[in-house]
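One-letter residues, chain by chain:
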Amino acid sequence: MGVARTPLIAGNWKMNLDHLQAIAFVQKLAWSLRDAKHSSNEVEVAVFPPFTDLRSVQTLIAADKLELAHGAQDLSAHDSGAYTGEISGAFLSALSCRYVIIGHSERRQYHHEDDALVAKKTVAALRHGVTPVVCVGESAEDLAEHGPSAVPVAQLRVVLDELTTDAEFVVAYEPVWAIGSGQAATPEQAQQVCSALRATIAETLGDDTADRTRILYGGSVKSGNIAGFMNQSDVDGALVGGASLDVDEFSAIARFPKHVGTV
Ligand code: 13P
């Protein structure tokens, strides 16, 4: 028990910022964090640009030795072949992506991705040495019908059944009703579900895996509410959408230790 988990603040840009805008953004973000003497050992910061930005972002981070990680927003369950429009985990690995988001609710909703596909994509990411950020979360209807943790726990269980105890992965709890709505979950709601998710990891993959696995909260996270989430024992960071597109706001979220304890 008691493994220290490095918090992760992750910016999911969704379909925003082209590769030129990405370069300007990442540069400004790095300067902002450097000016604030931010340490990536204390809080890891990662950006998740669209596929077409990844090469530019990778090159900038490597050339300037920026203390930022980058990841992709999706990948194919397949490694190569006749899958028009798909992106292999091998390509992400070749672009030094540390992470890949899998099973975001927007992909589940608009691209009909089910739990079985999310599990296959998670295994594909691990096969290529890219850490999956597996998203789970309930809709408002699920919440009313099944309560807070039932749906996210069931979604995660399908993925966990395919993993081994040494798997390196991140879980993101994103209630669908909180995404882009301006109405975040309360810190207590987030803690309740994140703790149920950790218990599910412990049950399937053991206490050690559960102890070291980071669980993020996502859904209308801003600099004004991050501290409340980070004060919860089972919340290890945030997956940020809208607020990750504003350099000052995202930088302030990443610097949450300065405002934890002030809520
Ligand atoms: P918002 O922060 O815009 O609510 O989006 C959350 C999200 O979907 C991150 O993946």
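First things first, this report covers the structure right here in the doc. Because the structure is predicted, anything quoted here is derived from the model rather than measured. (Residues numbered from 1 in each chain as written. Predicted model: local features only at pLDDT ≥ 70, side-chain atom pairs only at ≥ 80, totals over all residues. Heavy atoms only, no water.)

## So, the environment of Ser149
For clarity, the threshold we go by: Helix and strand definitions follow DSSP, with helices as H or I runs of at least four residues and strands as E runs of at least two, each counted in order from the N terminus. Note on definitions: a residue-residue contact is assigned when non-hydrogen atoms from the two residues lie within 4.5 Å.
Of note, Ser149 is situated in the loop between α6 (140-146) and α7 (150-160). For the pair formed by Ser149 and Cys194, sequence separation is 45 residues and the distance between their alpha carbons is 8.5 Å. In this structure Ser149 touches Val193 and Ala196, once residues within four positions along its chain are discounted.

## Observations concerning helix α2 (residues 54-63)
The condition is simple: Throughout, exposure labels follow a simple rule: accessible area from a 1.4 Å probe, protein chains only, divided by the maximum for the residue type, with under 20% read as buried, over 50% as exposed, and the rest as partly exposed.
Looking only at α2, the buried set comprises Leu54, Ser56, Val57, Gln58, Leu60 and Ile61. Lys65 sits one or two residues past α2 and shows a positive phi near 50°.

## Let's talk about empty space enclosed by the protein
Note the cut-off: Points on a 1 Å grid, built from protein atoms alone, make a cavity when a 1.4 Å probe fits but cannot get out and make a pocket when they are open with protein on both sides within 12 Å along at least 5 of 7 lines; residues with an atom within 4 Å of a point are the lining residues. Grid points are joined across faces, edges and corners, and a volume is the space filled by probe spheres set on the points. Under the scheme applied, nonpolar residues are Ala, Val, Leu, Ile, Met, Phe, Trp, Tyr, Cys and Pro; charged residues are Asp, Glu, Lys and Arg; polar residues are all the others, including Gly.
Per the stated rule, a full pass over the model turns up one cavity of 30 Å³ or more. Around the largest cavity sit Gly103, His104, Ser105, Arg108, Cys135, Val136, Gly137 and Glu174, which together line it. If you list the elements that add at least two residues to the lining of the largest cavity, you get α4 (105-110) and β5 (131-136). Taken together, the residues of the lining of the largest cavity sort by class into two nonpolar, four polar and two charged.

## So, the pattern of salt bridges
Convention followed: What makes a salt bridge here is a side-chain nitrogen of Lys or Arg within 4 Å of a carboxyl oxygen of Asp or Glu, nothing more.
Taken as a whole, this structure holds 14 salt bridges when the rule is applied. The salt bridge partner of Glu168 is Arg212, with a shortest N-O separation of 3.9 Å. Of this pair, Glu168 sits in the loop between α7 and β6 (170-173) while Arg212 is found in helix α9 (residues 207-212), placing the two residues 44 residues apart along the sequence. For Arg212, a relative accessible area of 29% corresponds to the partly exposed category. In this structure, the salt-bridge partner of Arg198 is Asp236, at a minimum N-O distance of 2.7 Å. One end of the pair, Arg198, is in helix α8 (residues 187-205); the other, Asp236, is in the loop between α10 (226-230) and β8 (237-240), and 38 residues separate them in sequence. Judged by its relative accessible area of 7%, Arg198 falls in the buried class. Judged by its relative accessible area of 6%, Asp236 is buried. Among the charged side chains, a salt-bridge network with shared partners connects Arg5, Arg198, Asp234 and Asp236.

## Things to note about the nonpolar core
Most often, soluble globular proteins have nonpolar side chains that are buried together. To be explicit about the condition: We define a nonpolar core as any set of buried Ala, Val, Leu, Ile, Met, Phe, Trp, Tyr and Cys residues linked to one another through side-chain atoms lying within 4.5 Å.
Core analysis: the largest hydrophobic core is formed by 65 residues, its most contacted members being Ile9, Val26, Leu68, Leu197, Ile201 and Tyr217. Not counting chain neighbours up to four residues away, the residues in contact with Ile201 comprise Leu156, Leu160, Phe169, Val171, Gly206, Thr209, Ala210, Thr213 and Ile215. By size, the runner-up hydrophobic cluster in this structure holds 13 residues, among which are Ala10, Ala46, Val133 and Ala172.

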